[in-house]
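Chain by chain, the residues run as shown.
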Amino acid sequence: MLKAILFDIDNTLLSFDESVKQFMKIGFKKFHIGEYKDDMFSVFTRINNSLWQSIEKGELSFEELQEIRWNKILESIGLSFDGVLFEKYFREFLFESAIAEDGAVGALEYLYKKYLLFVASNGPYKQQVNRLRRSGMLPFFSNLFISEEIGSSKPSSNFFDECMKRINAGKKTRIWPNEVMIIGDSLSSDITGGMRYGMQTCFYNPTNKCVPDSVTVNYQIGALNELKSIL
């Protein structure tokens, strides 16, 4: 029986992609770097995803990512600017950005009445909390499990160990991993991490990505409002 749900934030509850596109348009103009073009976003996605995969594997820290991310992206685009300064502005911009994914608030309003809701996110703690607050989603969650504060990142078992420890703190009746579902857009951190830990999984897949045979997905949705029909 399902008792609790872990929600990823970026590109699950809040649209990280749309925030980045807005930032690149505004940032390029602010610093007179050049004109933003739509194909530049794919460069950001490729490099950013690669760096986060290195974090998930324990090969890179978030602090190291911030030192190199925009230098790599701008160089690949063919633009010349101080990537560390651009990263600083990016972090300030993202801290205030709270573009909700379609159907996110409605799904939370529905699920809040039936299950314990938690956040499970890789990222900086204060930033993620502020974005949830600005979006109006923060009150739906019993607790927030965010990698910077947890001390480890999805998909590591250490991250999920700490999640379960905090979920069960003060409870007379223990909640087990198979009574928890993780909902997220990342096959590598959300779905694989939850699957290996024994949790139920729901892959948020609005772009219809291919799911490898090696990854077990209990549910797959293309829109968050579909959660009302399966949970």
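Presented here is a report on the structure given in the accompanying data block. (Residues numbered from 1 in each chain as written. Predicted model: local features only at pLDDT ≥ 70, side-chain atom pairs only at ≥ 80, totals over all residues. Heavy atoms only, no water.)

Next up on the list: the pattern of salt bridges. Tallied over the entire structure, the rule returns 11 salt bridges. Of the charged contacts, one joins glutamate 92 and lysine 88 as a salt bridge, the two residues approaching to 2.7 Å between their closest N and O atoms. Remark: lysine 88 and glutamate 92 occur in helix 4 (residues 83-96); sequence separation between them is 4 residues, near one turn of the helix. Residue arginine 134 pairs with glutamate 96 through a salt bridge whose shortest N-O separation is 3.1 Å. (Salt bridge = Lys/Arg side-chain N within 4 Å of Asp/Glu carboxyl O. Helix = DSSP H or I, 4+ residues; strand = E, 2+ residues; numbered from the N terminus.)

The next point concerns the sheet that holds strand 4 (residues 180-184). Think of a sheet as strands paired side by side through backbone hydrogen bonds, with each pair either parallel or antiparallel. Here we have 6 strands laid out as an open sheet, ordered 3-2-1-4-5-6, and parallel in their pairing. Only two strands of the sheet have a single neighbouring strand rather than two, namely strand 3 (143-146) and strand 6 (219-221). Between one strand axis and the next, the sheet turns through 20° on average, direction left out of account. Where strand 5 (residues 200-204) lies against strand 6, 3 bridges are found, and the strand directions are parallel. Counterpart to tyrosine 204 in the pairing with strand 6 is isoleucine 221. Across the face of the sheet, helix 9 (residues 187-197) comes into contact with strand 4 and strand 5 while running at roughly 160° to strand 5. (Pairing = 2+ DSSP bridges. Axes fitted to C-alpha atoms, helices over the stretch in contact; angles between N-to-C directions. Contact = heavy atoms within 4.5 Å.)

The next point concerns the pairing of strand 4. Extensive coverage of strand 4 is indicated by the burial of 5 of its 5 residues. Of the two faces of strand 4, both are covered, the one formed by Val180, Ile182 and Gly184 as well as the one formed by Met181 and Ile183. Pairing analysis gives 4 bridges linking strand 1 (residues 4-7) to strand 4, with the strands arranged parallel. Opposite leucine 6, over in strand 4, you have isoleucine 182 as the bridge partner. As judged from the 4 bridges shared by strand 4 and strand 5, these two strands associate in the parallel manner. Considered in strand 5, the bridge of glycine 184 is made with phenylalanine 203. (Buried < 20%, exposed > 50% of the residue type's maximum accessible area, 1.4 Å probe, protein only.)

Note on placement: alanine 120 falls in strand 2 (residues 116-121). Apart from residues lying up to four places away in sequence, alanine 120 is in contact with Leu6, Phe7, Asp8, Phe145, Lys154 and Phe159.

In the contact formed by helix 8 (residues 157-167) and helix 9, the axes pass within 10 Å of each other and the chain directions differ by 70°. When the interaxial angle is binned, helix 8 and helix 9 end up roughly perpendicular. Counting all contacts with helix 8, which are made through Ser157, Phe160, Asp161 and Met164, the residues of helix 9 involved are Ser189, Gly193, Gly194 and Tyr197. The residue makeup of the contact of helix 8 with helix 9, split by class, is 3 nonpolar, 4 polar and 1 charged. (Parallel < 35°, antiparallel > 145°, perpendicular 65-115°, else oblique. Nonpolar A, V, L, I, M, F, W, Y, C, P; charged D, E, K, R; others polar.)

Together, Glu63, Glu64, Glu67 and Glu148 make up a negatively charged patch on the protein surface. Per-element tally for the negative patch: the top contributor is helix 3 (residues 62-77), with 3 residues. Turning to its location among the elements, glutamate 63 is positioned in helix 3. (Patch = residues over 30% accessible without salt bridge, like charges linked within 9 Å, V, L, I, M, F, W, Y side chains within 5 Å. Areas by Shrake-Rupley, 256 points an atom, 1.4 Å probe, with all protein chains shown as cover. Lys, Arg positive; Asp, Glu negative; His and termini not counted. Charge placed at Lys NZ, Arg CZ, Asp CG, Glu CD.)

Time to look at the side chain of asparagine 205. By the element assignment, asparagine 205 lies in the loop between strand 5 and strand 6. The buried category is assigned to asparagine 205, whose relative accessible area is 5%. A distance of 3.2 Å separates the side chain of asparagine 205 from the backbone nitrogen of asparagine 208, its partner in a polar contact. If sequence neighbours within four positions are ignored, asparagine 205 has contacts with Gln220, Ile221 and Gly222. (Polar contact = N/O pair within 3.5 Å; in protein donor to acceptor, adjacent residues only side chain to side chain.)

Here the residue pair lysine 154 and proline 155 is connected by a cis peptide bond, since its omega of 10° sits within 30 degrees of zero. Structurally, proline 155 can be placed in the loop between helix 7 (147-150) and helix 8.

As a further point, take the packing of aromatic side chains. Taken as a whole and assessed by the stated rule, the structure comprises 24 aromatic pairs. Relative to phenylalanine 44, the ring of phenylalanine 16 lies with its centre 6.0 Å away and its plane at 40°, an arrangement referred to as tilted. A residue pair is termed long-range when its members are at least 10 positions apart, and phenylalanine 16 in helix 1 (residues 16-30) and phenylalanine 44 in helix 2 (residues 39-56) qualify at 28 residues. For phenylalanine 16, a relative accessible area of 10% translates into the label buried. We note lysine 21 situated over the ring of phenylalanine 41; from NZ or CZ to the ring centre the distance is 4.8 Å. Note that arginine 174 overlies the ring of tryptophan 176, its terminal NZ or CZ placed 4.6 Å from the centroid. (Phe/Tyr/Trp six-rings, centres within 6.5 Å; stacked < 30°, edge-to-face > 60°. Lys NZ or Arg CZ within 6 Å of the ring centre and 35° of its normal.)

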